[in-house]
Amino acid sequence: MNNDLDIIYSRMEKLFKRISRTRYWILVNNDPYDQSYNFFFNSQRQGERLKSVPLHKLINYDLSYLEQVIKGLRSKTNLTIEFTGFAGMKWPSTQKVIQWRREQLE
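Residues numbered from 1 in each chain as written. Predicted model: local features only at pLDDT ≥ 70, side-chain atom pairs only at ≥ 80, totals over all residues. Heavy atoms only, no water.

Of note, Leu 73 is situated in helix α2 (residues 63-76). According to the relative accessible area criterion, Leu 73 is buried, its value standing at 0%. The spatial distance from the C-alpha of Leu 73 to the C-alpha of Lys 90 is 18 Å, given a sequence separation of 17 residues. (Helix = DSSP H or I, 4+ residues; strand = E, 2+ residues; numbered from the N terminus. Buried < 20%, exposed > 50% of the residue type's maximum accessible area, 1.4 Å probe, protein only.)

Written out as structure tokens, the structure is:
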């Protein structure tokens, strides 16, 4: 877990520029076809297009493992973390819903 977390955080840190009027967030995508979780770093300046950069792909397709990585990521950064492809799924330890409803393009 530490290796995946370090890779995600080090790549994210290089992309995070702290530019004013810019929104930054991390997107975690569930890919059931490849059985993996994909991490993206998104940034969008006011009035400009969205920029999405792939950070890492978790090959370990275990929800409890993903939960540990997310907890570690939240302890290191205050960026918003959004989830897609997790509609109706719950975290194993807390039983909280990960994503309430599907996005329009899912």
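A few words now on the pattern of salt bridges. In the structure shown here, the tally under the stated rule is three salt bridges. Residue Lys 76 pairs with Asp 6 through a salt bridge whose shortest N-O separation is 3.5 Å. Note that Lys 76 is positioned in helix α2 and Asp 6 in helix α1 (residues 2-15), a separation of 70 residues in sequence. The exposure class assigned to Asp 6 is partly exposed, which follows from its relative accessible area of 39%. Ionic pairing is found between Arg 23 and Glu 82, a salt bridge with its closest N-O pair at 3.1 Å. Of this pair, Arg 23 sits in strand β1 (residues 22-31) while Glu 82 sits in strand β4 (residues 80-84), and the two are 59 residues apart along the sequence. We classify Arg 23 as partly exposed; its relative accessible area is 44%. For Glu 82, a relative accessible area of 31% puts it in the partly exposed group. (Salt bridge = Lys/Arg side-chain N within 4 Å of Asp/Glu carboxyl O.)

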